Structure formats: structure tokens, C-alpha cells
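# Survey of secondary and tertiary structure
Residue-level listing of the chains:
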Amino acid sequence: LFEGNGPNWMKKILDFRGVHMEIGNDQSTIKLVVSIAFLGKRTDLILHTSLSPAPINPDGTMFLETFEGIEFAGIRLPYPNSWKRSRYLEFSYLDTEFAVARGAGGEPHFLLRGN
């Protein structure tokens with residue numbers, strides 16, 4: 001996050017290390033895992049979402065992704081009700097190794113399955 005001309009003092013407080021998505025084995029949950037270093041200690045910030053067939057396309061490739069919660073360093077955090085939002089996610093390719101999907105705004109998502 002703070003590459004190049006970013007302030008070095010800020011990296012000592014908060015440094016982003018990477019991000020990845022995990023689709024649960026039951027394929028109805030997604031975790032967006034943001035790896036960070038906070039005050040020099042590595043930890044994860046996890047956004048939890050649920051995935052269900054979209055009512056407009058129940059037998060197709062369109063799903064409804066709904067925000068379900070946030071977790072920091074293994075602790076579930078409270079969040080405002082206004083954050084509980086949904087968006088459409090359409091899968092165009094899915095196999096045992098990876099998936100290709102796009103959000104409602106057309107942005108692509110390339111998801112690798114973990115072992």
C-alpha cells in the first residue's frame with residue numbers, strides 16, 4: 001500500500017501484505033482475507049460473505065453475495081447494519097482449480113481454490 005513515496009513511518013503502524021479470496025467447501029461462503037502487519041505483528045482482516053443463487057436467475061450462473069461480518073485477529077467485530085449489503089456475482093467459469101466471476105459493475109474476479 002505504501003510503496004514508492006509513501007511514508008515509512010506509516011508502514012511501521014499498518015502495512016498491507018496481500019489479499020486473497022477463499023470459497024468455502026459448501027460453496028455458499030466466501031472469505032476475503034487481507035493480510036496485514038499491525039504494529040509489526042502479522043495478522044488477518046477477514047470479510048465474511050454468503051453466496052446464494054440469485055432470485056432473478058436461480059438455476060444459472062448468477063449469485064447474490066451478501067456481507068455477513070468482519071473479523072480482525074480472530075475476533076468477530078460489530079458493524080453497522082448499513083454495511084449489510086448485497087451484490088450480484090456472475091460466474092463464467094468454474095472448475096476444481098479456479099473460478100472466473102464478475103461483479104455487478106463488470107469487474108473481474110479470478111478465484112483460486114485452496115487445497
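In what follows, the accompanying structure is described. (Residues numbered from 1 in each chain as written. Predicted model: local features only at pLDDT ≥ 70, side-chain atom pairs only at ≥ 80, totals over all residues. Heavy atoms only, no water.)

### Points about the pattern of salt bridges
- Under the defined criterion, the tally for this structure stands at 5 salt bridges.
- In this structure, the salt-bridge partner of Glu65 is Arg87, at a minimum N-O distance of 2.7 Å. In this pair, Glu65 is assigned in strand 4 (residues 62–72) and Arg87 in strand 6 (residues 86–94), connecting sequence segments 22 residues apart.
- Assessed through its relative accessible area of 26%, Arg87 is described here as partly exposed.
- A salt bridge links Lys84 to Glu68, with the nearest nitrogen and oxygen atoms 2.9 Å apart. Highlighted residues: Lys84 in the loop between strand 5 (75–77) and strand 6 and Glu68 in strand 4, separated in sequence by 16 residues. (Salt bridge = Lys/Arg side-chain N within 4 Å of Asp/Glu carboxyl O. Helix = DSSP H or I, 4+ residues; strand = E, 2+ residues; numbered from the N terminus. Buried < 20%, exposed > 50% of the residue type's maximum accessible area, 1.4 Å probe, protein only.)

### Notes on the pairing of strand 6
- Pairing of strand 4 with strand 6 involves 5 bridges; the strand directions are antiparallel. Pairing of Met62 across the sheet is with Glu90, part of strand 6.
- Pairing of strand 6 with strand 7 (residues 98–103) involves 5 bridges; the strand directions are antiparallel. Among the inter-strand pairings, Tyr93 is bridged to a residue of strand 7, identified as Val100. (Pairing = 2+ DSSP bridges.)

### What to know about the packing of aromatic side chains
- Applying the stated criterion across every chain yields a total of 4 aromatic pairs.
- Relative to Phe91, the ring of Phe63 lies with its centre 5.6 Å away and its plane at 90°, an arrangement referred to as edge-to-face. In this pair, Phe63 sits in strand 4 while Phe91 sits in strand 6, placing the two residues 28 residues apart along the sequence.
- Assessed through its relative accessible area of 9%, Phe91 is described here as buried.
- Summarising the aromatic geometry, the rings of Phe67 and Tyr79 are spaced 5.0 Å apart at their centres and angled 80° between planes, so their arrangement reads as edge-to-face. With Phe67 in strand 4 and Tyr79 in the loop between strand 5 and strand 6, the pair connects residues that are 12 residues apart, well separated along the chain.
- Cluster of aromatic residues (ring-pair linked, three or more members): Phe67, Tyr79 and Trp83. (Phe/Tyr/Trp six-rings, centres within 6.5 Å; stacked < 30°, edge-to-face > 60°.)

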